[in-house]
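These are the residues of each chain, in order.
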Amino acid sequence: LEDAFAKKRREPKTAASQPKQKEKLKVVLDRTREQNVGIVLSYLKMPVKDLKTSLLEMDDTKLSFDSLSGLQSILPTAEEMKIVKPYLDEPPEVQATLSTAVQFFLMTSTIPRIGNRIECWLVRDRFDATVQQVRDELKPLTDAVERVALSATQNWKRMLQLILQV
């Protein structure tokens, strides 16, 4: 009965039998900043290398307006760039041990004028909507100007008729 129902003792696991744990990523920046950047990057569901390609090609199919707005909000500051700059010269194996946020910051440092590029992309994406909004807001004004101009031309004609009669 003991063999059938007794609780068997576990043998302690050896280092070889334990599954490999994920290597800890090296944290370089402030934890909250890294977490915020990580959240936005996880929303994109795109590896950093693919993200770089999409940014360089300005690929609208892979990056939506919301994605671009999120990327704009997490672009590194000058101070953060100074912190991660030493890792630019490291081999890819060492860079792979860095957190996703640091890898993103390193990637953005290789794209010229990334902030301006994203800002122009956002303006381009919302340009038509902005133009339509301005037209809608100016419609009452243009209608009023047309009415005033029409009545002014009728008065002008009447005044010229009177002058010519004299």
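Throughout what follows, the structure given in this document is the object of discussion. What you see is a predicted model, and the numbers here were worked out from it, not measured in a lab.

Definitions and limits used
- Here, residues in each chain are numbered from 1, in the same order as that chain's written sequence.
- Totals for whole chains, interfaces and linings use all residues, but because this is a predicted model, local features are given only for residues with pLDDT of at least 70 and pairs of side-chain atoms are given and counted only at 80 or more.
- Side-chain numbers come from the whole structure's heavy atoms, not from hydrogens or water.
- Helical segments are the DSSP runs of H or I of at least four residues, strand segments are the runs of E of at least two, and each set is numbered from the N terminus.
- Per-residue accessibility, obtained with a 1.4 Å probe over protein chains only, is compared with the maximum for each type, and a residue is labelled buried under 20%, exposed over 50%, and partly exposed between these values.
- What makes two residues a contact is simply this: any of their non-hydrogen atoms within 4.5 Å.
- Calculation of accessible area relied on Shrake-Rupley with a 1.4 Å probe; when residues are assessed, cover is drawn exclusively from the protein chains displayed.
- Every axis in this analysis is a line fitted to C-alpha atoms, fitted for helices over the stretch in contact. Angles between the N-to-C directions lie between 0 and 180 degrees.
- Working rule for angles: under 35 degrees goes down as roughly parallel, over 145 as roughly antiparallel, 65 to 115 as roughly perpendicular, anything else as oblique.
- Whether a crossing is left-handed or right-handed is set by the direction in which the near helix is turned from the far one by less than a right angle, anticlockwise for left-handed and clockwise for right-handed.
- For this classification, Asp, Glu, Lys and Arg are treated as charged, while Ala, Val, Leu, Ile, Met, Phe, Trp, Tyr, Cys and Pro are nonpolar and the rest, including Gly, are polar.
- Buried residues of nine kinds, namely Ala, Val, Leu, Ile, Met, Phe, Trp, Tyr and Cys, make up a nonpolar core once their side-chain atoms join them within 4.5 Å.
- Salt bridge criterion: a side-chain nitrogen from Lys or Arg within 4 Å of a carboxyl oxygen from Asp or Glu.
- Two aromatic rings from Phe, Tyr or Trp, using only the six-membered ring of Trp, form a pair when their centres are within 6.5 Å; if the ring planes differ by under 30 degrees the pair is stacked, by over 60 it is edge-to-face, and anything between is tilted.
- The patches described consist of residues with a relative accessible area above 30% and no salt bridge, like charges being joined within 9 Å and nonpolar side chains (Val, Leu, Ile, Met, Phe, Trp, Tyr) within 5 Å.
- Taken from the helix axis, the directions to the C-beta atoms give the arc we talk about.

### Let's talk about the overall build of the chain
In terms of regular secondary structure, the chain is built from eight helices and zero strands. Along the chain, helices (α) and strands (β) appear in the sequence α-α-α-α-α-α-α-α when read from the amino end. For the chain, buried positions account for 23% of its 166 residues. A sequence separation of at least 24 residues applies to 73% of the contacts in the chain between residues at least 6 apart. A total of about 13,300 Å² of accessible surface is found on the chain, and carbon and sulfur atoms cover 56% of it.

### Details of the packing of helix H3 (residues 48-57) against helix H7 (residues 100-109)
At their nearest, the axes of H3 and H7 sit 10 Å apart, and the two run at 30 degrees to each other. Taken as axis vectors, H3 and H7 run roughly parallel relative to one another. As for the relative orientation of H3 and H7, their crossing is right-handed in sense. Contacts between H3 and H7 involve Val48, Leu51, Lys52 and Leu55 from the former and Thr100, Gln103, Phe104 and Met107 from the latter. Of the residues in the contact of H3 with H7, the class split is five nonpolar, two polar and one charged.

### Things to note about the nonpolar core
Soluble globular proteins tend to pack their nonpolar side chains together in the buried interior. In terms of nonpolar packing, the biggest core is built from 28 residues, with Leu41, Leu51, Leu55, Leu63, Leu71, Phe104 and Ile118 touching the most fellow members. Every element with two or more residues in this core is listed here: helix H2 (31-44), H3, helix H4 (65-73), H7 and helix H8 (114-165). No other element matches H7, which puts six residues into this core. With near-sequence residues (within four places) excluded, Leu41 lies in contact with Met46, Leu51, Leu71, Ile74, Thr100, Ala101 and Phe104.

### What to know about the pattern of salt bridges
Within the structure shown, the criterion is met by five salt bridges. Residues Glu80 and Arg33 are paired through a salt bridge, measuring 2.7 Å at the closest nitrogen-oxygen approach. You can see Glu80 sitting in helix H5 (residues 78-84) and its partner Arg33 sitting in helix H2, a full 47 residues away along the chain. The two residues Glu80 and Arg33 agree in class, both being buried.

### Looking at the packing of aromatic side chains
On inspection of all chains with the given rule, the structure shows one aromatic pair. Centroid distance Phe104 to Phe105: 6.0 Å. Interplanar angle 50 degrees. Geometry classified as tilted. Note on accessibility: Phe104 and Phe105 belong to one class, buried.

### Thoughts on a nonpolar patch on the surface
A surface patch of nonpolar side chains, amounting to about 340 Å² of accessible area, comprises Val134, Leu138, Leu141 and Val145. Tracing the sequence through the fold places Val145 in helix H8.

### Description of H4
Within H4, burial applies to Ser67, Leu68, Gly70 and Leu71. Within H4, the buried residues cover an arc of 160 degrees as seen down the axis, which keeps them to one side.

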